[in-house]
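Listed below are the residues making up each chain.
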Amino acid sequence: MWPFATGAVAINLFLLGLLGQAIGLPALSPIAALWWCLPLGLPATYASARWVRSLIAQAEA
């Protein structure tokens, strides 16, 4: 699950960097988004794993 959550974080960071240009922030390069997604991917993986676990618990009930 970690590669998928980290990839989603990278895509969202890159798009957020593009949106930041509208308010005058510098663009975030794809390589910088990849570097930033590595530490931010762990909490996203934990959150998505908890969400999937709760969905499985609801399906079993």
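For the structure, see preceding data.
Quick notes on the rules
Residues numbered from 1 in each chain as written. Predicted model: local features only at pLDDT ≥ 70, side-chain atom pairs only at ≥ 80, totals over all residues. Heavy atoms only, no water. Helix = DSSP H or I, 4+ residues; strand = E, 2+ residues; numbered from the N terminus. Buried < 20%, exposed > 50% of the residue type's maximum accessible area, 1.4 Å probe, protein only. Contact = heavy atoms within 4.5 Å. Areas by Shrake-Rupley, 256 points an atom, 1.4 Å probe, with all protein chains shown as cover. Bend = angle between axes of the 7 residues up to and from the residue.

Engineer: I would appreciate a short explanation of the overall build of the protein chain in the present structure.
Structural biologist: When helices and strands are tallied, the protein chain shows 2 helices and 0 strands. Projected onto its principal axes, the C-alpha coordinates of the protein chain cover approximately 50 × 20 × 15 Å. Within the protein chain, buried positions represent 20% of all 61 residues. Sequence-distant contacts, at least 24 apart, represent 67% of the contacts inside the protein chain between residues at least 6 apart. Carbon and sulfur atoms make up 76% of the accessible area of the protein chain, which amounts to about 4,700 Å² in all.

Engineer: Explanation requested: helix α2 (residues 30-60) in the structure shown.
Structural biologist: Each α-helix winds once per 3.6 residues, and so residues spaced three or four apart point in a common direction. Along its length, α2 reaches its greatest deviation from straightness, about 45°, at L40, and the proline P43 lies no more than four positions downstream. Within the sequence span of α2, burial applies to A33, C37, G41, T45 and S48. Looking at the buried side of α2, the elements it contacts are α1 (2-20).

Engineer: For this particular structure, what's the right way to read the side chain of T45?
Structural biologist: Here T45 lies in helix α2. Those residues within four positions of T45 in sequence are excluded, and the remaining contacts are M1, W2, A5 and T6.

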